[in-house]
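Structural description and commentary
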Amino acid sequence: MKRRTLFKFGAIGGLLGISQPAKASEFFVNSVKPSISGPIVLSTWSHGIEANKGAWEVLSEGGNALDAVEKAARVTESDRTNRSVGISGRPDRDGHVTLDACIMNHQSKCGSVGFVEGYEHPISIARSVMENTQHVMLVGEGAEDYAKWMGFKKIKSPIEEVKKDYKQWRKENKSLFEKPQINHENHDTIGIIAMDENGNLSGACTTSGWAYKLHGRLGDSPIIGAGLFVDNEVGAAVATGLGEAIIRIAGSHTVVELMRNGMSPEEACKTAVDRIIAKHDDLTGLQCGFLALNKHGEYGGYSVYNGFNFALKTNDFEGMKDAPFNRKW
Ligand code: SD4
């Protein structure tokens, strides 16, 4: 049934007192704005510029959003200068670099790995979990065994640069049992959301997680619905920042559901951030940001504190955008 017919029927049904169950696309009708032309990719933080370039190699050739977001994530995972993604990321309090990643496509298929050490591309292991197993999520030793079994190459971890940084951190933080702190220098997870030329959405998220976290800790980044969520009827969202706060409100899923109910991507991100703020008495150091894209190519972000930015690439634009925020540091 065409959308217009549905509306007519809906109006008559309303007059007759019959309520029609709404489809996702109907929720959207009030907020339809002009679509962008061609594909679009958005990535969190400034490392997103290079990641987007990777995605664009796929999208500009007519490739699909899933391949694009995986390629983008791999760019950042391979960047040895990056201290928050991949094996050069910051270690936990015991000196281990444990990696979290997840991926989700336009068919709501998803895969994830958490607490993985010594693999260059956790995002590709996550994709393999999605495509080659009946599971969504593998963690720790089991995820590493799976990766090995699937032919992913193990790298010695931690790498030398990380060991050096860790030694320094231990020196400066004599009491290892001090409360771990997150700050804006050390939490730049990459989350990527993209729409391809067929209008299909996918997303990816990969990180070494909260620096100096407790050994064994998983953040939001490998958790579908928290660090990433995609619903091809509505839109996609990714999160960055303090994972525990994001998990508490099922952050990325919340953003997508708010868009389903008619909010713009920016409004949806803001509403999710407001919810986080309302649920925490102490916001000291609690940075969280969301980035969202809807089916019409509209996008937006929002964060608790200033400083969150994201990289955007379309046929007409390549560069950084600053996200609006609730308060200043
Ligand atoms: C985590 N959400 O492990 C990640 C950290 C992050 O930008 O996103 N940093 O909690």
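To be clear, the structure that these remarks concern was listed above.
Presented here is an overview of the structure given in this document.

Parameters and conventions
Residues numbered from 1 in each chain as written. Predicted model: local features only at pLDDT ≥ 70, side-chain atom pairs only at ≥ 80, totals over all residues. Heavy atoms only, no water. Helix = DSSP H or I, 4+ residues; strand = E, 2+ residues; numbered from the N terminus. Buried < 20%, exposed > 50% of the residue type's maximum accessible area, 1.4 Å probe, protein only. Pairing = 2+ DSSP bridges. Axes fitted to C-alpha atoms, helices over the stretch in contact; angles between N-to-C directions. Contact = heavy atoms within 4.5 Å. Salt bridge = Lys/Arg side-chain N within 4 Å of Asp/Glu carboxyl O.

In this fold, glutamine 134 is placed in the loop between α5 (122–132) and β4 (137–139). The exposure class of glutamine 134 is exposed, given its relative accessible area of 83%. On a C-alpha basis, the gap between glutamine 134 and glycine 111 in space is 9.6 Å, while along the polypeptide they are 23 residues apart.

Adjacent strands of a sheet pair through backbone hydrogen bonds, lying either parallel or antiparallel. Taken in spatial order, the eight strands make up an open sheet running β4-β3-β2-β6-β5-β1-β11-β12, and their pairing is mixed. Here the strands that pair on one side only, and so sit at the sheet edges, are β4 and β12 (318–322). Here the average twist between neighbouring strands, direction ignored, is 10°. In this structure, strand β2 (residues 99–104) lies alongside strand β6 (residues 201–207), joined through five bridges in antiparallel fashion. Bridged to alanine 101 within β6 is threonine 206. Packed onto the sheet, helix α3 (residues 48–59) meets β1 (40–44), β5 (190–195), β11 (309–313) and β12 and runs at close to 155° relative to β1. Along the sheet face, helix α4 (residues 65–77) touches β2, β5 and β6 and points at about 20° away from the line of β6.

What follows deals with the pattern of salt bridges. By the definition in use, this model includes 14 salt bridges. Across the salt bridge formed by lysine 71 and glutamate 57, the nearest N and O atoms sit 2.7 Å from each other. Here the residue lysine 71 occupies a position in helix α4, and glutamate 57 occupies one in helix α3, the gap between them amounting to 14 residues. For lysine 71, a relative accessible area of 34% puts it in the partly exposed group. In this structure, arginine 260 engages aspartate 231 in a salt bridge whose closest nitrogen and oxygen atoms are separated by 2.6 Å. Taken together, the residues span a long stretch of sequence, with arginine 260 in helix α9 (residues 251–260) and aspartate 231 in strand β7 (residues 228–231) at a distance of 29 residues.

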